[in-house]
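# Structure at a glance
The primary structure of each chain is shown beneath.
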Amino acid sequence: MHIFKPVFLMPLLILMNACSLVNNNSGTSNAIYLGGFDGTWEGRLEPISPNEYPFKHIDSGSWHLKLAIVNGEVSVFSRDPKNSAGWRSVMPGKFSITEHKTNAVVFAMASATDVLDKTGSGGWVETWNITLTKKDKASLYVVHTRAVNNYLQKPELQNGPLQGRFLLSSTGMLTKN
């Protein structure tokens, strides 16, 4: 009759314990990092500075931001609180998201299809950057920046309508719906 030796049992117990730690780490990491970013997040953003560079006459008051994030795909929507027209999709299909632990960056760049297109809207480039960090499982702190360059126009017009180049920035908090 074969006698079972405990020396063979020890490596098996160590392996089983290691496997259970791997499984527990994913739950622990999820808790430590306050969950993922999937979901619909909404909130109100306020301008960081009342005088956005380089124009002092821009009405860059508060506005609403909504992010819809599903499996690494993101859609961005904005709404002016003074206008009841509803949510407006921003650069549909252009946004990407990069996540790391408690932080994420949502970003997009778009431009006119041609320098001098026939619609008169040629010669522009627009960039959005939305930086997120978790407050808790249901809240995100957010900083938004937007840069627009109408490179066929003069850089800065004095006392005129918004043209040329400009930067806008705002900050706030989004909550998960």
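Just so we're clear, the structure is a prediction, and the values are computed from it rather than from any experiment.

On to unusual backbone geometry, then. The backbone phi angle of Asn71 is positive, close to 50°, even though this residue is not glycine. With respect to the secondary-structure elements, Asn71 resides in the loop between strand E2 (63-70) and strand E3 (73-79). The residue Lys101 is not glycine, and still its phi comes out positive at about 55°. The residue Lys101 is located in the loop between strand E5 (96-100) and strand E6 (103-111) in this model. The class of Lys101 is partly exposed, set by a relative accessible area of 46%.

Going through the model one piece at a time under the given rule, you end up with 2 aromatic pairs. The interplanar angle of 80° and the centroid separation of 6.0 Å between the aromatic rings of Trp63 and Trp128 together place this pair among those described as edge-to-face. Here Trp63, found in strand E2, pairs with Trp128, found in strand E7 (residues 124-136); they are 65 residues apart in sequence, far enough to count as distant. With a relative accessible area of 14%, Trp63 lands in the buried category.

Next up on the list: the sheet that holds strand E1 (residues 39-47). What the 9 strands build is an open sheet, ordered E4-E3-E2-E1-E9-E8-E7-E6-E5; its pairing is antiparallel. Whereas interior strands pair on both sides, the edge strands pair on one side only; in this sheet they are strand E4 (88-90) and E5. Across this sheet, the average inter-strand angle for adjacent strands is 25°, counted without regard to direction. Examined bridge by bridge, E1 and E2 share 7 bridges and lie antiparallel to one another. Bridge assignment links Gly39 to a residue of E2, and that residue is Ile69.

This brings us to the confidence of the model for the protein chain. Chain-level statistics for the protein chain give a pLDDT mean of 78 and a share of 67% at 70 or above. When pLDDT is averaged over each helix and strand of the protein chain, the minimum, 51, is found for helix H1 (residues 6-32) and the maximum, 97, for E5. A low-confidence stretch, residues 15-26 stays under pLDDT 50, and its non-local contacts, those more than four residues away or across chains, total 0 contacts.

Residues Leu65, Val76, Phe95, Ile130 and Leu132 are the most contacted members of the largest nonpolar core, which totals 23 residues. Broken down by secondary-structure element, the contributors of at least two residues to this core are E1, E2, E3, E6, E7 and strand E8 (139-150). Filtering out sequence-adjacent residues up to four positions away, Leu65 remains in contact with Trp41, Glu42, Gly43, Leu45, Val76, Phe77, Trp87, Ile130, Val142 and Leu174.

With 6 of 8 residues buried, E2 lies mostly within the body of the structure. Across 7 bridges, E2 lies against E3 in antiparallel orientation. Across the sheet, the residue bridging to Ala68 is Ser75, located in E3. Once E2 ends, the chain turns through 2 residues before running back antiparallel as E3, passing Asn71 with a positive phi of about 50°.

With that settled, the discussion passes to the pattern of salt bridges. One pass over the structure, following the stated rule, counts 2 salt bridges. Here Glu46 ties to Arg44 by a salt bridge, and the two come within 3.2 Å at their closest N and O atoms. As a salt-bridge pair, Arg146 and Glu126 come within 2.7 Å of each other at their nearest N and O atoms. Of this pair, Arg146 sits in strand E8 while Glu126 sits in strand E7, placing them 20 residues apart in sequence. Overall, Glu126 belongs to the buried group, its relative accessible area being 14%.

Rules used in this analysis
- Residues numbered from 1 in each chain as written.
- Predicted model: local features only at pLDDT ≥ 70, side-chain atom pairs only at ≥ 80, totals over all residues.
- Heavy atoms only, no water.
- Helix = DSSP H or I, 4+ residues; strand = E, 2+ residues; numbered from the N terminus.
- Buried < 20%, exposed > 50% of the residue type's maximum accessible area, 1.4 Å probe, protein only.
- Phe/Tyr/Trp six-rings, centres within 6.5 Å; stacked < 30°, edge-to-face > 60°.
- Pairing = 2+ DSSP bridges.
- Axes fitted to C-alpha atoms, helices over the stretch in contact; angles between N-to-C directions.
- pLDDT = per-residue confidence, 0-100.
- Contact = heavy atoms within 4.5 Å.
- Core = buried A, V, L, I, M, F, W, Y, C linked by side-chain atoms within 4.5 Å.
- Salt bridge = Lys/Arg side-chain N within 4 Å of Asp/Glu carboxyl O.

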